[in-house]
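A closer look at the structure
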Amino acid sequence: MPADDLPETVHVTTDEQLRAVSNLTRHRIMAVLRFETATITQIAERLGLAKGSSSYHVRLLERAGLVKVVRTRKVRGVTERYYALAARAIVLPDPGDGGPDVLMRHAVADLEAAPVDGERHVRMAHLRLTGEQFAELGARLQALADEYQRLSDPSLPDASLVFALFHPTPREQSEGDAK
């Protein structure tokens, strides 16, 4: 199935889907399938997984409706299945107050697992912005991410971009909660 035939989004709404995307291995499998189709064997090789483990995780993602078989072919009497994401974007629910943000946890785990001698651009900035500036910065960050996502070439090495623009809990409130 060409990428043009994929739906724009799949919204994670069920407990089964949330459990599926909450696992770091399945998150990494979905990252592999973001730009290209792959077989269980190719996924296993790419992520350094055992083939059985790769198969188990892909089946859970498929059952949750997050990946699907887009092509099959016979190889020496065995049907080889090629998997892809079920949509161009997988939209997670808002974690709510104090809830774990699955994407940020996975991003931090991926960053920690990345080669230390590799090129990285990591920065945290504390800002004081008006409501209008906050909204404008959020829109600009989203537009920049969208622009570079459109430029992505599956033949090039993977790169991950993560950003979070948010209002932290006021210090007085967070310090009071810690007591």
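Only a predicted model underlies this, so the values are computations on that prediction, with no experimental measurement involved.

Points about the pairing of strand β3 (residues 78-85)
Examined bridge by bridge, strand β2 (residues 67-75) and β3 share eight bridges and lie antiparallel to one another. Bridge pairing links valine 69 to tyrosine 83 in β3. The turn joining β2 and β3, which pair antiparallel and follow one another in sequence, is formed by two residues; a positive phi near 50 degrees is taken by arginine 76.

Focus on helix α3 (residues 40-47)
Taken together, the buried positions of α3 are occupied by Ile40, Ile43 and Ala44. Axial view of α3: buried residues confined to an arc of 100 degrees, hence all on one face. If you follow the buried residues of α3, they end up packed against α2 (24-33), α4 (51-63) and β3. Of the residues trailing α3, glycine 48 is marked for its positive phi of about 70 degrees.

Focus on the environment of alanine 64
Its location among the elements puts alanine 64 in the loop between α4 and β2. In the structure, alanine 64 is positioned 47 residues away from glutamine 17 in sequence and 5.0 Å away in space, judged by C-alpha atoms. In this view, alanine 64 contacts Glu16, Gln17 and Ala20; residues no more than four positions away in its chain are not counted.

A word on a nonpolar patch on the surface
A cluster of nonpolar side chains, Leu144, Tyr148 and Leu151, forms an exposed patch at the surface whose accessible area comes to about 340 Å². When you line up the elements, tyrosine 148 lands in helix α6 (residues 131-151). For tyrosine 148, a relative accessible area of 51% corresponds to the exposed category.

Here we look at the packing of aromatic side chains
Scanning the model with the defined rule gives zero aromatic pairs in all. The ring of tyrosine 82 carries arginine 71 above its face, with NZ or CZ at 3.8 Å from the centroid.

A word on the environment of glycine 138
On the secondary structure map, glycine 138 appears in helix α6. Taking the C-alpha atoms as reference points, glycine 138 and alanine 164, 26 residues apart in sequence, are found 8.8 Å from one another.

Some thoughts on the nonpolar core
Core analysis: the largest hydrophobic core is formed by 21 residues, its most contacted members being Met30, Leu33, Ile43, Val58, Leu61, Leu66 and Val67. Counting only elements with at least two residues in this core, the list comes to α1 (15-22), α2, α3, α4 and β3. The element best represented in this core is α2, accounting for four residues. Apart from the residues lying within four places of it in its own chain, the contact partners of leucine 66 are Val10, Val12, Gln17, Ala20, Val21, Leu61, Ala84, Leu85, Ala86 and Ile90.

Side note on unusual backbone geometry
Even without a glycine there, the phi angle at arginine 76 is positive, about 50 degrees. Turning to its location among the elements, arginine 76 is positioned in the loop between β2 and β3.

Describing the packing of α2 against α4
Packing of α2 against α4 brings their axes to within 10 Å, and their N-to-C directions diverge by 80 degrees. By the angle between their axes, α2 is roughly perpendicular relative to α4. Seen from α2, the contacting residues are Thr25, Arg26, Ile29 and Met30; seen from α4, they are Ser54, Tyr56, His57, Val58, Leu60 and Leu61. Residues that form the contact of α2 with α4 fall into these classes: six nonpolar, three polar and one charged.

Things to note about α2
Within α2, the full set of buried residues consists of Arg26, His27, Ile29, Met30, Val32 and Leu33. For α2, the capping residue at the N-terminal end is asparagine 23, with a side-chain oxygen 2.9 Å from the backbone nitrogen of threonine 25.

A short note on the side chain of histidine 106
Inspection of the secondary structure puts histidine 106 in helix α5 (residues 102-113). Among the polar contacts made by the side chain of histidine 106, one reaches the main-chain carbonyl oxygen of valine 21 at a distance of 2.9 Å. Residues within four places of histidine 106 in sequence aside, it is in contact with Val21, Ser22, Asn23, Leu24 and His27.

What counts as what
- Residues numbered from 1 in each chain as written.
- Predicted model: local features only at pLDDT ≥ 70, side-chain atom pairs only at ≥ 80, totals over all residues.
- Heavy atoms only, no water.
- Pairing = 2+ DSSP bridges.
- Helix = DSSP H or I, 4+ residues; strand = E, 2+ residues; numbered from the N terminus.
- Buried < 20%, exposed > 50% of the residue type's maximum accessible area, 1.4 Å probe, protein only.
- Arc of directions from axis to C-beta.
- Contact = heavy atoms within 4.5 Å.
- Patch = residues over 30% accessible without salt bridge, like charges linked within 9 Å, V, L, I, M, F, W, Y side chains within 5 Å.
- Areas by Shrake-Rupley, 256 points an atom, 1.4 Å probe, with all protein chains shown as cover.
- Salt bridge = Lys/Arg side-chain N within 4 Å of Asp/Glu carboxyl O.
- Phe/Tyr/Trp six-rings, centres within 6.5 Å; stacked < 30°, edge-to-face > 60°.
- Lys NZ or Arg CZ within 6 Å of the ring centre and 35° of its normal.
- Core = buried A, V, L, I, M, F, W, Y, C linked by side-chain atoms within 4.5 Å.
- Axes fitted to C-alpha atoms, helices over the stretch in contact; angles between N-to-C directions.
- Parallel < 35°, antiparallel > 145°, perpendicular 65-115°, else oblique.
- Nonpolar A, V, L, I, M, F, W, Y, C, P; charged D, E, K, R; others polar.
- Polar contact = N/O pair within 3.5 Å; in protein donor to acceptor, adjacent residues only side chain to side chain.

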